[in-house]
Amino acid sequence: MNCTGSSLPETPETGQPLWLLAELTYRCPLQCPYCSNPLNYDQQKQELSTEQWIEVFRQARALGAAQLGFSGGEPLLRDDLEELIRAARELGYYTNLITSGMGLTFERMQAFKDAGLDHIQVSFQASDAELNDYLSGNKRSFREKLEVARTVKALGYPMVFNCVIHRQNIEQIDKIIELSIELESDYVELATSQYYGWALKNRDHLLPSEAQLKTAEATTNRYREQIKGKKRTQLIFVVPDYYEERPKGCMNGWGNLFLTITPDGTALPCHSARELPIEFPNVLNDSIESIWYRSTGFNLFRGYEWMKEPCRSCDEKEKDFGGCRCQAFLLTGDANNADPVCAKSPNHHLITDARNNAEQNNPANSEMIYRNRKNSQRLIATG
Ligand code: FES
């Protein structure tokens, strides 16, 4: 499948792009092996200019976008971040910075506050320096993150403490929760890894067993009870869809709510769609309005017409939309297939095989593949 051009009509069901994710850059000081950036990110060197980003914000806002996430890569590597935040706030967005915290100084955080930034999400990899720095591939990361998280709170920002949970850190979830409480986090996202991009390459190293997951969830529930009424911290634990029998309604439906703009201006219905063999539109060539309502890429999986069996006749299709298109493509080679997470999918064995492998703790390759330029180039060269 290789789709180009734009012609499909706007449908009455099409929602507004309420959530805009601005992936400002693919550059990043960390090398997390579960990164959802595309494997070939190193080929995408072009970044939109300040003016081009502000024009994106303006057009998306006119279409109804209300929430704007600054992401990456590491968005702090953009020197114009203050200017982008200010422009976004002037347009009326609720703004959220999604950051590793690396290199974030007190002065810059204050400047973001002056520009109107509403909210900061700081990612951690683990509860201690040794594992955190091993997973991030950066020897300074834990120390810097601690300092940044404390400053975020000192400046009065609401803070999300985000830690992707997987086989390498799931056994220390109690310590991770304790750290997040000690840092006075407002929200704690303990989201188990999703298997796209680099995480799919490293799945055998990352997918926990069912027993590990059940223990981690029970631990989270225990802490919820302990801190109820005493601490403001809210714990959110997200189970991986690999342990579900029905797929998630990914992105709340394709092209229904979420709009992602990548560093070079490519517009996507989700952060992983770049891995699909679809030619997505670029904001340098088309208006956001045209991209959202009329581009082929954004219309491909709207509605139910595109569905094959078992999705087409399924009475749950309005709830889960056939699951995740990216996962269907990455695991079965055809984005029109049912998400293999669904027990009704003829490809469901792809998920149960991975689960069985996780039970046996049997990584197929001996080393995790870190997200860095060298590995990106190697993966491109080897296909
Ligand atoms: Fe792309 Fe689910 S991540 S549709």
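Computed from a prediction, not measured in an experiment: that's the story for all the values here.

Engineer: So, the overall build of the protein: which residues are in play, and what are the values?
Structural biologist: Along the protein, the regular secondary structure elements total 15 helices and 9 strands. Here the protein has a C-alpha radius of gyration of 20 Å; the compact-globule value for 383 residues is 21 Å, and the two agree. With respect to the three principal axes, the spread of C-alpha positions in the protein is 50 × 50 × 45 Å. For the protein, buried positions account for 57% of its 383 residues. Looking at charge distribution, the protein has the averaged site of its 42 positive side-chain charges lying 2 Å from that of its 51 negative ones.

Engineer: Kindly report on the UniProt feature "binding site: [4Fe-4S] cluster" (unreviewed entry) in the protein, identifying the contributing residues and their values.
Structural biologist: UniProt records the feature "binding site: [4Fe-4S] cluster" (unreviewed entry) for Cys-28, Cys-32 and Cys-35 in the present numbering. Turning to its location among the elements, Cys-32 is positioned in the loop between β1 (19-23) and α1 (50-62). Residue classification places Cys-32 among the buried positions, given a relative accessible area of 10%. With near-sequence residues (within four places) excluded, Cys-32 lies in contact with Gln-125, Leu-135, Ser-136 and Arg-371. Positionally, Cys-35 belongs in the loop between β1 and α1. With a relative accessible area of 17%, Cys-35 lands in the buried category.

Engineer: Describe helix α2 (residues 81-90), listing the residues and the values that go with them.
Structural biologist: Turning to α2, its buried residues number three or more, namely Leu-81, Leu-84, Ile-85, Ala-87 and Ala-88. Across the axial projection of α2, the buried residues extend over an arc of 165°, all falling on one side. The inward-facing, buried residues of α2 contact α1, β2 (67-71), β3 (94-99) and α3 (106-115).

Engineer: Mind laying out the environment of Pro-281, listing which residues take part and the relevant values?
Structural biologist: Checked against the element boundaries, Pro-281 lands in the loop between β9 (267-268) and α10 (288-294). Under the relative-accessibility criterion, Pro-281 is labelled buried at 10%. C-alpha separation for the pair Pro-281 and Ser-295, spaced 14 residues apart in sequence, amounts to 7.0 Å. With residues near it in sequence (within four places) discarded, Pro-281 still touches Gly-265, Thr-266, Ala-267, Asp-286, Ile-291, Ser-295 and Phe-298.

Engineer: How would you sum up the pairing of strand β6 (residues 187-192)? Please name residues and give values.
Structural biologist: Summarising the sheet, strand β5 (residues 159-165) and β6 pair through 6 bridges and their orientation is parallel. Looking at the pairing, Ile-165 lines up with Thr-192 of β6. Crossover β5 to β6 through helix α6 (residues 173-182) is right-handed. In this structure, β6 lies alongside strand β7 (residues 234-238), joined through 5 bridges in parallel fashion.

Engineer: For the environment of Gln-234, give the residues involved together with the corresponding values.
Structural biologist: For Gln-234, the position within the fold is in strand β7. Gln-234 gets classed as partly exposed once you look at its relative accessible area, which sits at 44%. Separated by 11 residues in the primary sequence, Gln-234 and Tyr-223 have C-alpha atoms spaced 10.0 Å apart. Ignoring sequence-local partners within four residues, the contact set of Gln-234 consists of Asp-186, Tyr-187 and Val-188.

Engineer: Explain unusual backbone geometry to me, using residue names and the numbers behind them.
Structural biologist: Residue Gly-73 follows Gly-72 across a cis peptide bond; omega there is 10°. Residue Pro-310 is bonded to the preceding Glu-309 through a cis peptide linkage, with omega at 10°. Here Pro-310 shows up in the loop between α11 (296-299) and α12 (317-320). Within the chain, Glu-184 stands out as a residue other than glycine whose phi angle is a positive 60°. Mapped onto the elements of the fold, Glu-184 is located in the loop between α6 and β6. Positioned with a positive phi, Phe-321 is a non-glycine residue whose angle comes to about 55°. Exposure remark for Phe-321: the relative accessible area of 23% places this residue in the partly exposed category.

Engineer: I'd like a description of the domain arrangement of the protein, backed by residues and values.
Structural biologist: We note that the domain assignment places domain 1 (19-243) and domain 2 (250-346) within the protein. Between the C-alpha centres of domain 1 and domain 2 the distance comes to 24 Å. Listed as interface residues are 28 residues of domain 1 and, on the opposing side, 27 residues of domain 2. Summed over both partners, the interface of domain 1 with domain 2 comes to about 2,300 Å²; 62% of that surface belongs to carbon and sulfur atoms. Summed over the three residues of domain 1 that lose the most area to domain 2, namely Trp-19, Leu-63 and Tyr-196, the buried surface amounts to 26% of that side. Where domain 1 touches domain 2, the interface holds 0 salt bridges. Of all the elements in the fold, those that place two or more residues in the side of domain 1 that touches domain 2 are β1, α1 and α7 (197-201). Of the residues that constitute the side of domain 1 that touches domain 2, the class distribution is 17 nonpolar, 7 polar and 4 charged.

Engineer: An account of α1 is requested, with residue identities and associated values reported.
Structural biologist: Helix length check: α1 (13 residues) gives 19 Å between terminal C-alpha atoms against 18 Å at 1.5 Å per residue, within 8%. Turning to α1, its buried residues are Thr-50, Trp-53, Val-56, Phe-57 and Ala-60. Down the axis of α1, the buried set is contained in an arc of 120°. They therefore lie on one face. Exposed side of α1, more than 90 degrees from the buried face: Glu-51 and Ala-62 are the residues found there. Those residues of α1 that are buried are in contact with β1, β2, α2, β8 (258-261) and α10. Looking at the residues trailing α1, positive phi occurs at Gly-64, about 115°.

Reading the values: the criteria
Residues numbered from 1 in each chain as written. Predicted model: local features only at pLDDT ≥ 70, side-chain atom pairs only at ≥ 80, totals over all residues. Heavy atoms only, no water. Helix = DSSP H or I, 4+ residues; strand = E, 2+ residues; numbered from the N terminus. Rg over C-alpha atoms; globule rule 2.2 N^0.38 Å. Buried < 20%, exposed > 50% of the residue type's maximum accessible area, 1.4 Å probe, protein only. Lys, Arg positive; Asp, Glu negative; His and termini not counted. Charge placed at Lys NZ, Arg CZ, Asp CG, Glu CD. UniProt positions renumbered as here; feature names shortened; annotations may be inferred. Contact = heavy atoms within 4.5 Å. Arc of directions from axis to C-beta. Pairing = 2+ DSSP bridges. Right-handed = clockwise from strand over helix to strand, strands pointing away. Domains from an automatic or database assignment. Buried area = accessible area lost by both parts, 1.4 Å probe. Salt bridge = Lys/Arg side-chain N within 4 Å of Asp/Glu carboxyl O. Nonpolar A, V, L, I, M, F, W, Y, C, P; charged D, E, K, R; others polar. Expected span 1.5 Å × (residues − 1).

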